Amino acid sequence: MPRIRDELLEKFEFEEHSYNLLMSSIDARACYKPYEKSWFRGVRSSKFRHVYGAPAKREKCYDNIKITKNAHDSQFCAVNPKFLAIVTEVAGGGAFLVLPLDNTGRLDFNANRVTGHTGPVLDIKWNPFNDNVIASSSDDCTVKLWHIPDGGLSRNLTDWLVELQGHKRRVGYIEWHPTAENILFSAGFDHLVIVWDISKGETVSVIDRHPDVIYSMSLNRDGSLLATTCKDKKLRVFEPRSGIIVSEGVCHAGTKASKVVFLGASGRLLTTGFSRHSDRQYAVWSQHDLSAPLTCETIDSSSGIVFPFYDNDTNVVYLAGKGDGNIRYYEVVNEAPWVHYLSQFISGNPQRGLGIMPKRGVSTAICEVFRFYKLHATRGMCEPISMIVPRKSDQFQEDLYPDTVGTTPALSAKDWISGMNSPPVLISLKTGGSITTHKPRVYKPTHLASATDLNTKKKFAFLSTETVPDYRPKEYNELSEKSQKTSSNQSTKFHQLQQKFNNVALQTPRCSIKFYELVSKFGSYSHYCKNNIVSSTINDNKALETTDIPNNEAELRLAYLRQTDELRLVRRQLANSQLRVKELEEQIRKHQQKSL
């Protein structure tokens, strides 16, 4: 025992001596005066720190839906306070389902759909100022607008309000202007972004500044700027009316698709994409300088594309990955590090797409600040997910619900096209919650007739035409057929040139009515010339020539053909006149020789 006690005392003395040596080498002032202020890494205070996601019960979901299996990276779902629209899988063509919001439960397999597209539907968006109008883009290179009656569809809808034709390849994404009425943006796989005035069915501007496929687009709070991401890994900010690039920079280095969303009116953007090592990441940018991000953080190493959704009222951005069941949410602030992680909603069911309810459609009684409509990837179900701030009081929480975007446009299409900008018109959720709109206006322009109407008119015109027998000799018929073939070939070449140079306004004066009557009477100009009435026809044309501008492509082509025939007629007249001059000169010469 004495030996063990002595060993312990020696060990204790050695450790005490070592400690004294260590403390003598340390400056005691450094323990009380740190060189620089350290970053506080405690729990950050936020009223959205405890936001949680509450999925709806089974009877409040939409079941037995044949959701599309298209690989396009769109949401395939759109919702407003009246209707839920979901793109469905069909054999041939394209269709999407429209359900009243309260029509939950198991859906009838033969439910009515919107079936007017000839190719798969790639994107759908509800009009923010009219809950009964929805726009859809498709693989058939068109954008169509549809009017959904209150109560839903009673039959398959095939008649559209407006058909917008301008893209040369499939149209992947569409967006409505947030403050101007009747302004729609479409991005196609022809690398074009087209701005439409749907009230007239006309193009406002065409943005042709992308060298490759466009991955996403987003508009800022007042719609004065448009941001896009592209396959060339660049993020661009445009002035949409003129197509001028405001700023441009390299986005994420990965090869997969990147997405962008404006962070309200803060002057910043948030993008999601992939790093060079295929890690998912997000970055925050200043809209005035895209040379380098303000911050860039790695999310995880999953493979699904991340979609950002921003709530301007709470300054919370939600990041949802396609193919996984997680929805992460972050609070956006106006100083570094710009974005603070809050929490995440975790689900074992992967999502194919997410629809977003406008803020005027959320339930303020349960402190719901955001609502997703999740399309399940493994089963045919659409599941509402409510993001709720836990509060014990059942009173209206004014700090959670500031005035939000209403259903009244701040500008008309004409005002916005002329250069005006305006912030959105706001409403109070305390007095105007769950507000819906019904504007049964028809967008179809008066000067645009549908293809059915044109075909009907052509049929009646053909049936009302009197059949006139042709008694001309055989050689004239052959000549007439030959001239018709030549004219058709020329019209085909002209149509190709018109498509190639479609931005050049071609104006061709129409020919006279007298000229058309003579053509229909004699059949061909060669026969007409042989009957020695060329000069009188030219004089009649000069007297009756009109200067009307062709209204459409068919009239333009017809005017071109008639003008070509007129030129051919003039050339023949000139050749005949030259021959006649030579004959007269020869006769004069002979008379002079006889007189000598």
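The rules behind each value
- Every chain is numbered on its own, with residues counted from 1 as its sequence reads.
- Local features in this predicted model are restricted to residues of pLDDT 70 or higher, and side-chain atom pairs are both shown and tallied only at a pLDDT of 80 or more, whereas totals for entire chains, interfaces and linings draw on every residue.
- Derived side-chain values reflect all non-hydrogen atoms in the structure, with water molecules and hydrogen atoms excluded from consideration.
- UniProt positions are given in the numbering used here, feature names are shortened, and annotations may be inferred rather than shown by experiment.
- What makes two strands pair is DSSP finding at least two bridges between them.
- Where helices and strands are cited, they refer to DSSP runs of H or I of at least four residues and of E of at least two residues respectively, numbered from the N terminus.
- To get an axis, a line is fitted to the C-alpha atoms, and for a helix only the part in contact is used. The angle between two axes follows their N-to-C directions and goes from 0 to 180 degrees.
- Only protein chains enter the calculation, and the probe is 1.4 Å; a residue is then buried if its accessible area is under 20% of its type maximum, exposed if over 50%, and partly exposed in between.
- Two residues form a contact once any of their heavy atoms are found within 4.5 Å.
- Whenever a carboxyl oxygen of Asp or Glu lies within 4 Å of a side-chain nitrogen of Lys or Arg, that contact is scored as a salt bridge.

Per an unreviewed UniProt entry, the protein goes by Coronin and derives from Nasonia vitripennis. What the UniProt record of the protein gives under Sequence similarities (unreviewed entry) is the line "Belongs to the WD repeat coronin family."

Caption draft 1: Fine view of the sheet that holds strand 14 (residues 193-197). With respect to topology, 4 strands assemble into an open sheet ordered 12-13-14-15, the strand pairing being antiparallel. Both outer strands of the open sheet, strand 12 (171-176) and strand 15 (202-207), are each paired with one neighbouring strand and no more. In this sheet, neighbouring strand axes are inclined to one another by 25° on average, regardless of whether the strands run parallel or antiparallel. In this sheet, strand 14 lies alongside strand 13 (residues 183-188) in antiparallel orientation, the contact comprising 5 bridges. Across the sheet, Ala-187 pairs through a bridge with Val-193, a residue of strand 14.

Caption draft 2: Highlighting the sheet that holds strand 17 (residues 226-230). With antiparallel pairing, 4 strands are arranged side by side in an open sheet as 16-17-18-19. Of all the strands in the sheet, just strand 16 (214-219) and strand 19 (244-250) have a single pairing partner and so form its edges. The mean angle between the axes of side-by-side strands here comes to 20°, regardless of whether they run parallel or antiparallel. Across 6 bridges, strand 18 (residues 234-239) lies against strand 19 in antiparallel orientation. Its bridge partner lying in strand 19, Lys-234 is registered against Val-250.

Caption draft 3: Here's a closer look at the environment of Ala-257. Along the polypeptide, Ala-257 turns up in the loop between strand 19 and strand 20 (259-262). Looking at Ala-257, the relative accessible area reads 8%, which means it is buried. Along the sequence, Ala-257 and Gly-273 sit 16 residues apart, while their C-alpha atoms lie 6.4 Å from each other. Sequence-distant contacts of Ala-257, defined by excluding residues within four places in its chain, comprise Asp-73, Tyr-215, Thr-272, Gly-273, Phe-274 and Ile-305.

Caption draft 4: Spotlight on the pattern of salt bridges. The final tally for this structure, using the stated rule, is 24 salt bridges. Arg-280 serves as the salt-bridge partner of Asp-324, at 3.0 Å between the closest nitrogen and oxygen. Within this pair, whereas Asp-324 is found in the loop between strand 25 (316-321) and strand 26 (327-332), its partner Arg-280 is found in strand 22 (residues 280-286), the two being separated by 44 residues in sequence. Residue classification places Asp-324 among the buried residues on the basis of a relative accessible area of 16%.

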